[in-house]
Structure formats: C-alpha cells, structure tokens
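Single-letter residue listing:
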Amino acid sequence: MRSFLPPILLAALVLVSGCGGSVTTSSTSSTGTTGSSSGSNVMAISVNGGPTAGELNGSLYPNGAFASATICSPGSTTNCVTVNNLLVDTGSTGLRVLQSAVASLNLPAVNASNGSAAYDCATFVDNSYMWGPVVQASVTLGGETANNLPIHVISSSATGIPTTCSNGSTLNENTQASLGANGILGVGSEPTDCFYEGGSVCSPGSGLSSPPYPAYYTCSGNSCSPAFITTADQVTNPVALFPTDNNGVIVELPSVSGAAATISGSLIFGIGTESNNQLASTATVFTLTCDNFTTDFANNVYGITNPVTCAGPGSFIDSGSNGLFFPDATGIPACPSQTPAGDLSSFYCPASTENLSATNSSSNGTSKTTSFSVANAESLFTTASTDTDAALSGLSGLNPTGFGFDWGLPFFYGVNVYTSIDGQKVPSGAPAAPWWAY
Amino acid sequence: MASLGGNVDSVTADRAHMNASITVTANNNYNVHQIQGPEGTVVNEYVSSTGTVFAVAWHGHFIPDMQQIMGSYFDQYSAALQSQEKHYGRHPLNIKQTGLVVQTGGHMRLYVGRAYIPSLLPQGFNPDQIQ
C-alpha cells in the first residue's frame, strides 16, 4: 500500500492537489518543508510520528499532525521556550502543555471566580484525562501572538487529582511517553474549552446552582472541588486571541496514497482575512449542530436528532482523531484482538483495501460526497514500515452504532479543511460561526 | 451505590446525585429512565421487566460520574481501561469483555457512551438500541 514516487512526481502531486505541503515516502529520512503557503499567518505542521517516533517498537504516533509553539511569560519576548511536537487538534480547544516543558517560565496563575487558583480537567474521547493549573502566557504560533492567553499546564504530579476528574480512568496522560506528544494545541470550533452553543456553563453567569464537572476546580491543600470561572479566564483557543486572523483556521496537508513516512503542510490562521486564506469557491460550508454535522453512509444517517439535548449519532471532523471511525454498516471485519501489534479489535481489517464514499450535510442545506479508503489496519501496523510510516490514509476503525462518523486526520489528506470559531466574525456571505468547510 | 446491574431503585439515587429531572419511557419488555442533569448531560438507564438496570447510555457536554452510573461494575470498567493495549492516537473506546461492554465516542464538549451487561439483555434486544 505504500507509494514510492520519484521526486518529480511528488512535485506534480503537490501542485495538482493545490494543498500546501510535501510528502516524504518510505525510507527517505529527510523531510521536505517547502509548503506553498507563506505569511505571518502560516504555521508549519508535520505528520511525522511525533516525539517518540525515533524510539523502538510501535512508539510512532500514526496520523498525528504536530507543530511548535513559542510560549513566553505574559508580555515578554525573552522569557520564552519553544515547545515542539504539539498535537494539532481541531476537535478540542486550548493549549495544553506538559509541565516539564514550561516549568522554567514560572507562568502566573489564573484564578477562578472564587479567587483561588484555577485547575482544569480536560477529558477526551477515550476517557483519558489531563489535570493541572490554568496559567497565563503569551503564545506565538507561526507569526501570530496571543497575549495573556490562559493555557493548561499538564501536571507531572498525580497528587490531588479529584476523583470526579479521573472518573475511573487510569489514563492520566501527563508525560511525553503516555501522551505521545508534548501537549495538545486545540484550535477547534469554540473559543474556550467550556463554551458551546454561544455560551459557557462554567462561567458564574450560567445560571447553574453549582459548577459542572469535570471541568474547572479550585483546591485547598489536596482537596479540589468544582468551581466557576469567567469565560475570559478559561483555557482559550489561541487563535481567538490573535489581534487579526482570529476567526478560524485552515489545515492544509498533501494527499497521501496509501502510506507516507512524513508529510508536511500548514495551519493557516484566519478565514477570508488575508490573500492566502480566502474561502475557496469549491469549498462547501457546513454549519454545526451541537458541534456536529450529518453523515450519510451506506443508507444510514448519522446526525444529531435533538439539537436541544444533542441526542443522536452526531458526525464530526477532527484532526485529533487518528483515523476514520464509523459504524460497521457495510460488514467490514474488525481486526483480531491478538496480533503482533497487540489488540487491534477497534480497527478495521478488510481482506483488501475498500474504497467507499459518504455524504456530509448540515442544517444549512449543503452537502458534499467524500471518498475514503479503509485499509487493513493489522497490515498497516505490522508490516516492515510500521516504525517509519506516520501518515496512513486508510487507517479506520469502529465507532459503535449510534455514535456517528468521526472524520479524523486521514480526511484532511489532500483536502483543505476550514474550521471557524463560534462567535467570531466570518467572511461576508458565510453563515454565522461555527462551521466547517472543505 | 447504584445503577448498572443494580435495581430500579438505584435510578432514583442517580437522579438525586445528578440533581436531575427524570422521564420514563415504557417499551415492550423494558423501560428507559432518562435522567438529565442541569448542565444538560443525559443518562438513559435501561431497566428490565424484572427491575434490573442492564444498560446505561449517555450523551452531553460532560462525561457523567462513572462511579455513580457504573455501580458495582465500576472497578471492572476501571481495570479494563488500564489493560487497554496502548497505541498512540485518539479514537473511540471499545471495551468488550464477556461480562461487560463499554463504548465511548465523541469529542470535547460532546461525549457519547454506553455500557451494558450482555447476559442481562432482554430476549431479542439489540444493544445498538442503547443510546
């Protein structure tokens, strides 16, 4: 399934795809970084296996897009560190970085509404969690800076984590080894990590009698309790705090035929604010319901059925999911639970690669059909290329019936994907944010 | 402690714990008790005709209190999480053990999940209905 394209064909591929980026196939060790997009609103990203990729045996992070950020004390240009290998995640919001990476900066605490230092508990789809203080920093991505940005420092210590945060999970991803990254750069469709549908239930003005959890906490000694915190002090989407180009992002990655060792591309800031981030005439805009849209696949409709309770099998685009995950509506076999690469039963293992299509639509009446491939995940994980191929276009797995379609990073290969931010001003003619476009 | 595997009274305990409203939908050989917390998270508890909670499902902006809704199955759930094969990359969770199935999905601020006890499902009941 791997392609061995000579350099001249590679150049043609990049030009034809119209996507800033480059592909490095198979055993070639160098990584091209000559994206076609440039400007202060452009940040280089790379699907390169992450910080542990050089280590032995299965430690490569497949289908993760990574980037660097410069993190400084608020307002400083000298008390700074550059943190690489941050996972670019359009499915979450806010910058979360390992404590070890920023400890030297002594960043100032951000307080919750009760006046005590705030702690954030971020929970993820696999029931993993991250815990740690909210602090303020100036964060530069590409050539753009968010000053006084509340970020989440992932505590290296597990002491004091409330049980309502861990919630039965032992997956505290607070080291590079457990996370496979130095942090998560959440540039999703919301302005903060506790904001949706135009408001924040974590803010003291939410009308709730007690703070929702797991979200924000304050602590007395080792005893931590849920707390309200103003929207401005919540862990915030860095893009939303840029002085310009702050209404969303475009992820640009080249197409991948089968597998590639490394691919490089761009995260563009702003939509319709510069010459390099205009909404393409070929792009279809999908407004969001409960931060989801609808996918029709194999005569099944996966979309939110109740916009009030957000019930229903919602579908979504998420660069932080590392494959395409969807209900088994066509009888694709799951992988065995015992393989040389461990239990792969959450992934699909068709006898040969299947080429399928699905149609995405949204409440604003737009729709677009997308083709995708499902490769044999056991082959992807156990062939000789396992330790070197970071971009696997056909990596797919099971999302149970009732959970919808999760369009992870392979969806982004060769397609420019726009994510606009809830509440931000959008280009004239476009519907109110949040929306996705591709 | 209540819920999965517990009796119908445990649903009441969950409702109180979540400071929630509750509605009951009757079906052929089971009832669904829907509990909604003030922050919007919905937990559906599936109760058999003999009064046992055989499945729970949730959706909402916050993951519910798993200790509360998993009841006596909480430790098994927690142990299963710990024994999951580690592959880098974020994707839906799919724990399938003989006595317990737990599946989760979604993304930040809209989580979905279900847990059920295969041996307690009513006759003819398709677990895909649990949502």
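Residues numbered from 1 in each chain as written. Chains lettered and ligands numbered in written order. Predicted model: local features only at pLDDT ≥ 70, side-chain atom pairs only at ≥ 80, totals over all residues. Heavy atoms only, no water.

Another point: the overall build of chain A. Scanning chain A for helices and strands turns up five helices and 26 strands. The buried share of chain A, taken over its 438 residues, is 61%. For chain A, the accessible area works out to roughly 15,000 Å², and carbon and sulfur atoms hold 51% of it. (Helix = DSSP H or I, 4+ residues; strand = E, 2+ residues; numbered from the N terminus. Buried < 20%, exposed > 50% of the residue type's maximum accessible area, 1.4 Å probe, protein only. Areas by Shrake-Rupley, 256 points an atom, 1.4 Å probe, with all protein chains shown as cover.)

With that settled, the discussion passes to the sheet that holds strand 2 (residues 30-36) of chain B. Residue and element names in this part refer to chain B. Taken together, the seven strands give an open sheet; going across it, the order is 1-2-3-4-7-6-5, and neighbouring strands pair in antiparallel fashion. Each edge of the sheet is formed by a strand with only one pairing partner; in this case those strands are strand 1 (21-26) and strand 5 (93-96). In this sheet, adjacent strand axes meet at a mean angle of 10° when their direction is disregarded. When strand 1 meets strand 2, the two strands line up antiparallel, connected through six bridges. (Pairing = 2+ DSSP bridges. Axes fitted to C-alpha atoms, helices over the stretch in contact; angles between N-to-C directions.)

Residue and element names in this part refer to chain A. Here four strands make up an open sheet; going across it, the order is 17-16-20-21 and the pairing antiparallel. The sheet is open, and its two edges are formed by strand 17 (300-302) and strand 21 (367-374), each paired on a single side. Averaged over all neighbouring strand pairs, the angle between strand axes comes to 25°, with direction disregarded. Here strand 16 (residues 294-297) runs beside strand 20 (residues 354-361); their pairing, made up of three bridges, is antiparallel. The residue bridging Thr295 from the neighbouring strand is Asn360, located in strand 20.

Here the focus is the nonpolar core. Counting residues in hydrophobic clusters, the biggest one holds 66 residues, and the most contacted among them are Ile71, Ile151 and Phe372 of chain A. Core analysis: the next-biggest nonpolar cluster, separate from the first, contains 39 residues, Phe66 of chain A together with Met66, Tyr73 and Tyr111 of chain B among them. (Core = buried A, V, L, I, M, F, W, Y, C linked by side-chain atoms within 4.5 Å.)

By definition, a disulfide links two cysteine residues through a covalent bond between their sulfur atoms. Residue and element names in this part refer to chain A. Taken as a whole, this structure holds six disulfides over all chains when the rule is applied. The disulfide bridge from Cys194 ends at Cys202, spanning 2.0 Å between sulfur atoms. Across the S-S bond linking Cys194 and Cys202, the dihedral sits near 70°, which makes this disulfide right-handed. With a relative accessible area of 0%, Cys194 lands in the buried category. Residue pairing for Cys335: its cysteine sulfur links by disulfide to Cys349, the two sulfurs lying 2.0 Å apart. The disulfide joining Cys335 to Cys349 has a torsion of about 90° about its S-S bond and is therefore right-handed. One end of the pair, Cys335, is in the loop between strand 19 (324-326) and strand 20; the other, Cys349, is in the loop between strand 19 and strand 20, with 14 residues separating them in the sequence. (Disulfide = S-S within 2.5 Å.)

On to the layout of surface pockets, then. All names here are of chain A. The space that makes up the second largest pocket amounts to roughly 360 Å³. Lining of the second largest pocket is provided by 21 residues; of these, Ser371, Phe372, Ser373, Ser393 and Pro410 occupy positions nearest its centre. Of the residues assigned to the lining of the second largest pocket, the class counts are twelve nonpolar, nine polar and no charged. (1 Å grid on protein atoms, 1.4 Å probe; cavity = no way out; pocket = protein on both sides within 12 Å on 5 of 7 lines; lining within 4 Å. Points joined across faces, edges and corners; volume = space filled by probe spheres on them. Nonpolar A, V, L, I, M, F, W, Y, C, P; charged D, E, K, R; others polar.)

Residue and element names in this part refer to chain A. Predicted confidence across chain A gives a mean pLDDT of 89, with 90% of residues reaching 70 or more. pLDDT under 50 marks residues 1-20. Its contacts with residues more than four places away, or in other chains, come to 41 contacts. Across residues 25-35, confidence stays below pLDDT 50; counting only partners more than four residues off in sequence or on other chains, it has 21 contacts. (pLDDT = per-residue confidence, 0-100. Contact = heavy atoms within 4.5 Å.)

On to the pattern of salt bridges. Per the counting criterion, the structure on display carries four salt bridges over all chains. A salt bridge links Arg96 of chain A to Asp193 of chain A; the shortest N-O distance between them is 3.1 Å. Taken together, the residues Arg96 of chain A in strand 5 (residues 93-98) and Asp193 of chain A in the loop between strand 9 (183-187) and strand 10 (216-220) connect sequence positions 97 residues apart. Exposure remark for Arg96 of chain A: the relative accessible area of 0% places this residue in the buried category. Among the salt bridges present, the one from Glu173 of chain A reaches Arg90 of chain B, with a minimum N-O distance of 2.5 Å. Separated into two different chains, Glu173 of chain A in the loop between helix 3 (163-166) and helix 4 (176-179) and Arg90 of chain B in the loop between helix 3 (74-82) and strand 5 make up a pair that spans both. Grouping residues by exposure puts Glu173 of chain A and Arg90 of chain B together as buried. (Salt bridge = Lys/Arg side-chain N within 4 Å of Asp/Glu carboxyl O.)

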